[in-house]
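Coordinates in review
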Amino acid sequence: MPAPQLGRFIAVAAPLLLGGLLLGRVELVVLAAPLLVVLCAGLLARNPEVSVELRLSASRCLEDQRIVATVRVSAAAGSGRAEQVDLHLRYGAAITALDPTRVTVALAPGEVRDVTVGLQAGRWGVHDVGPLTVVVHGRSRLVGGWTARAAVPLRVIPRMEDFRAGDAHPFQRALTGSHVTRSPGDGVEFASIRPYVQGDSLRRVHRRATNRLGELHVTQHQVERNAEVVLMLDTFDDVGPPGATSLDVEVRAALGIAEHYLARGDRVGVITFGGTTRWLVAGAGGVQRHRVIEHLLGVEVGLSYAWKDIGLLPRRCLPPRALVIALSPLLDLRATTAMADLAARGYGVVVVDTSPEDLLPAARSAQYALGERIFLMEREAQLYRLAEIGAPVVRWAGSGGLDAVLTEVSRLHARPRLARR
Amino acid sequence: MRELLRIVAAFLGCAVLAYPFTLVPLSRGYIALSVPALLLLISALVLWSEGAITVGAIALTAPYVAVIGVEDRPVDVAVPVAAALLLLFVTVADAAVAVPPGTPLETGFLRGLALDCARGSVLALGIGVVLLAASAVPLPNSQLLRSLGIAAAALALGMPIRLLAGRRDGRPGNGVEPAPRMTL
């Protein structure tokens, strides 16, 4: 492909040569001749053949972790010299380059060059490293060509929030797990000592109590059961400073909670409720952990004005008697209504408020202050409505922050209820 | 580094522009002709676009063409120096404009550019000396010789165009993306 230099050589040399002929002056021919000779020599020279490869040191990394992108540029042996190879590596907005991403090199035939660029991923998600644009100039920059390499995806795993919770869980499934239930049975957690009744195993006889009281007593244990936890992420809004937005907090907290419950052998599912609704059916084990991470990497705010409720969700992603932990900044009525619906349908719902501390900027005028008051009152009313229906709201506080509300929800669902027959 | 190349190009451009004044004393006419050329050179260096540099390079030669055309002077034997300066200006200015801003240049590229400049200078000086020597040979001023000169000039201009047309014939990779292997 002809480069601008080629046209420049001709544009400068042609008038000089014609002027020399017309005026009969050899000086003008002397001025034009070197340009024409270089031009012909450049066009007769062999073309450079350059191949480019883009690689990442890791296809997955954690937030703020550094990785290295390596661009391998090689010139084919027997081809012409590449006088100038301009490499330009583009990258996603959430990635910071630690080294220059525009580099110019020259390559001799058969030469291989590795150009490394340090990158740091600032936010979770799937980000593109690339495309890589390569512009090659041949001899005397008279001809040039360009090519591009497609972007390489980099999966940035969110930083996991530290999360620990007690045993309190409103519902347990009839599978062995690690949640201590109220019902006595074959568990390992001590419950009480009671007199022996027919059918009790002799292995459970409590010798010290039996000796002291003169009557056969046995140790009673509590049953440990498995539980199902569904994490519901509100993706209608994303507010807050970059790096600590409500969605960042939601995703990091969701990963921490999922990790905690999966480590205890529970089943964990995820629902992304927002402009685009996605779900991950509850499952257990190490594979489910990877599924949860993959699901969370695809979380994004989708603008939508359509009304959405839990009727959109398939039945299997909301198993009966599941604990729903809803993470939300509580700014969209559709999300709070969905949470209230879930609580009304008998699910144990805990709402975690992920809105930033300074949700509203400082009031600039009386009208602004009035609007702020109205907004806060409406929000207060929503929270009250949720609490009233049995979905307590708690601010995200990390480890142990949900213990109190989980106990409250467990107690709420364990109380006797009137049943219609 | 790109800025350094720009400065070098500016100095070379000024040298090309000042060269005619070594032949003739300063006069209003030549100064009036040089001022637009200087303005074009400055605008080419400031705008830093491909077209501006081409126009600037053409404008730099205008005062010399005027001096040679208007004045009845003997053959300028120092013109190979001006030819070398012009070639250096075009080479360095193109390198400076071809490098994207903020791009670190590796020493291999700079070495290649310096080699290109040195080779170009020697070539310009050599060709200039040969042409001047050939023009000094007394030849009969015949119609045939004039025709031969015109034919040689047409060939000199036509050959690059012919070579260029050959390059455009279906060579892969020229602007075709994405190509797994690029061939110019």
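Residues numbered from 1 in each chain as written. Chains lettered and ligands numbered in written order. Predicted model: local features only at pLDDT ≥ 70, side-chain atom pairs only at ≥ 80, totals over all residues.

What follows deals with the overall build of chain B. Regarding its fold elements, chain B presents six helices and one strand. Scanning chain B from its N terminus toward the C terminus, one meets helices and strands in the order α-α-α-α-α-α-β. A total of 184 residues make up chain B; the buried ones form 34% of that total. (Helix = DSSP H or I, 4+ residues; strand = E, 2+ residues; numbered from the N terminus. Buried ≥ 20, exposed ≤ 12 C-beta atoms within 10 Å, placed from the backbone.)

Scanning chain A from terminus to terminus reveals eight helices and 19 strands. A burial count over chain A gives 41% of its 421 residues as buried. Look at the contacts in chain A between residues 6 or more apart in sequence, and 73% of them connect residues 24 or more apart. (Contact = placed C-beta atoms within 7 Å.)

With that settled, the discussion passes to the pairing of strand β4 (residues 82–91) of chain A. Residue and element names in this part refer to chain A. When you tally the buried positions in β4, you get eight out of ten residues, the bulk of the element. Of the strand pairs in this sheet, β4 and strand β6 (residues 102–107) are connected by five bridges, and their pairing is antiparallel. By the bridge assignment for β6, aspartate 86 is matched with threonine 104. Pairing geometry for β4 and strand β8 (residues 125–137), over seven bridges, is antiparallel. Among the inter-strand pairings, glutamine 84 is bridged to a residue of β8, identified as histidine 137. (Pairing = 2+ DSSP bridges.)

With 146 residues, the main nonpolar core has Leu231(A), Ala254(A), Met339(A) and Phe89(B) as its most contacted residues. For Phe89(B), the residues in contact, after removing those within four places along its chain, are Ala9(B), Leu12(B), Gly13(B), Val16(B), Ala57(B) and Leu60(B). (Core = buried A, V, L, I, M, F, W, Y, C linked by C-beta atoms within 7 Å.)

This paragraph deals with helix α5 (residues 286–297) of chain A. Residues and elements named next belong to chain A. An ideal rise of 1.5 Å per residue puts 16 Å on twelve residues; α5 measures up with 17 Å between its terminal C-alpha atoms. Gln288, Val292, His295 and Leu296 are the residues of α5 that are buried. The arc enclosing the buried residues of α5, seen along the axis, measures out at 95°, which places them on a common side. Summarising the geometry of α5, the exposed residues directed more than 90 degrees from the buried face are Gly286, Val287 and His290. Buried residues in α5 make contact with α4 (246–263), β15 (267–274) and β16 (278–283). (Expected span 1.5 Å × (residues − 1). Arc of directions from axis to C-beta.)

For the rest of this paragraph, the subject is the sheet that holds β16(A). Residue and element names in this part refer to chain A. With mixed pairing, six strands are arranged side by side in an open sheet as β16-β15-β14-β17-β18-β19. Looking at strand neighbours, the two that pair on one side only are β16 and β19 (393–395), the edges of this open sheet. Strand-to-strand twist of the sheet, defined as the mean angle between neighbouring strand axes without regard to direction, takes the value 20°. Inspection of the sheet shows strand β18 (residues 348–353) paired to β19 by three bridges, in the parallel sense. In the strand pairing of β19, valine 351 is matched with valine 393. Along the sheet face, α4 touches β14 (228–235), β15, β17 (323–328) and β18 and points at about 175° away from the line of β14. (Axes fitted to C-alpha atoms, helices over the stretch in contact; angles between N-to-C directions.)

Right, let's talk about the environment of Leu16(A) for a bit. If you trace the backbone, Leu16(A) turns up in helix α1 (residues 4–23). Between the C-alpha atom of Leu16(A) and that of Val30(A), which follows or precedes it by 14 residues, the distance is 8.9 Å. Other than its neighbours up to four places away in sequence, Leu16(A) contacts Leu28(A), Leu31(A), Ala32(A) and Thr61(B).

Interfaces are often described in size by the accessible area the parts lose on coming together. Taken together, the contact between chain B and chain A spans 60 residues of the former and 63 residues of the latter. Residue assignment for the side of chain B that touches chain A shows that the elements contributing at least two residues are α3 (50–70), α4 (79–98), α5 (107–136), α6 (143–167) and β1 (182–183) of chain B. The element that contributes the greatest number of residues to the side of chain B that touches chain A is α5(B), accounting for twelve residues. Class assignment of the residues belonging to the side of chain B that touches chain A gives a composition of 37 nonpolar, 15 polar and eight charged. (Nonpolar A, V, L, I, M, F, W, Y, C, P; charged D, E, K, R; others polar.)

In this section: unusual backbone geometry. Residue and element names in this part refer to chain A. Looking along the chain, the bond that leaves glycine 130 and enters proline 131 is cis, with omega of 5°. With a phi close to 70°, aspartate 64 is a non-glycine residue in the positive phi region. By secondary structure assignment, the location of aspartate 64 is in the loop between β2 (60–62) and β3 (66–75). In this structure, arginine 141 takes a positive phi of about 55° despite not being glycine. If you trace the backbone, arginine 141 turns up in the loop between β8 and β9 (144–149).

All names here are of chain A. Among the secondary structure elements, valine 301 is positioned in the loop between α5 and β17. Here the alpha-carbon distance between valine 301 and phenylalanine 9, two residues 292 residues apart in the chain, equals 54 Å. Discounting chain neighbours no more than four positions away, the residues touching valine 301 are Thr235, Asp237, Asp238, Leu247, Gly274 and Gly275.

With respect to the helices and strands, Ser140(A) occurs in the loop between β8 and β9. Classification of Ser140(A) as buried rests on a count of 23 C-beta atoms within 10 Å. Along the chain, Ser140(A) and Leu39(A) lie 101 residues apart, while their C-alpha atoms are 8.1 Å from each other. Setting aside residues no more than four positions away along its own chain, Ser140(A) makes contact with Gln5(A), Val38(A), Gly42(A) and Asp116(B).

This next bit is on the confidence of the model for chain B. Residue and element names in this part refer to chain B. Averaged over all residues, the pLDDT of chain B equals 78, while 86% of them reach at least 70. Looking at the elements of chain B, mean pLDDT is at its lowest for β1, recorded as 44, and at its highest for α4, recorded as 90. A low-confidence stretch, residues 169–184 stays under pLDDT 50, and its non-local contacts, those more than four residues away or across chains, total 39 contacts. ipTM for the predicted complex: 0.83, alongside a pTM of 0.71. (pLDDT = per-residue confidence, 0-100.)

What follows concerns α4(B). What sets the pattern is the α-helix's 3.6 residues per turn: residues three or four places apart point alike. Along its 20 residues, α4(B) runs 28 Å from first to last C-alpha, staying within 8% of the 28 Å computed at 1.5 Å per residue. Most of α4(B) is tucked away: 19 of the 20 residues are buried.

With that settled, the discussion passes to the packing of α4(B) against α5(B). All names here are of chain B. Axis separation between α4 and α5 bottoms out at 8 Å; the angle between their running directions is 155°. Here α5 runs roughly antiparallel to α4, going by the angle between their axes. The chirality of how α4 crosses α5 is right-handed. Contact residues: Val79, Pro80, Ala83, Ala84, Leu87, Leu88, Thr91, Val92 and Ala95 in α4; Leu113, Asp116, Cys117, Gly120, Ser121, Ala124, Leu125, Gly128 and Val129 in α5. For the contact of α4 with α5, the per-class residue count stands at 13 nonpolar, four polar and one charged. (Parallel < 35°, antiparallel > 145°, perpendicular 65-115°, else oblique. Left-handed = near helix turned anticlockwise from the far one by under 90°.)

A few words now on the pairing of strand β10 (residues 152–157) of chain A. All names here are of chain A. As judged from the three bridges shared by β2 and β10, these two strands associate in the parallel manner. The residue of β10 that forms the bridge with leucine 62 is isoleucine 157. When β8 meets β10, the two strands line up antiparallel, connected through five bridges. When the bridges of β10 are listed, aspartate 128 appears paired with proline 153.

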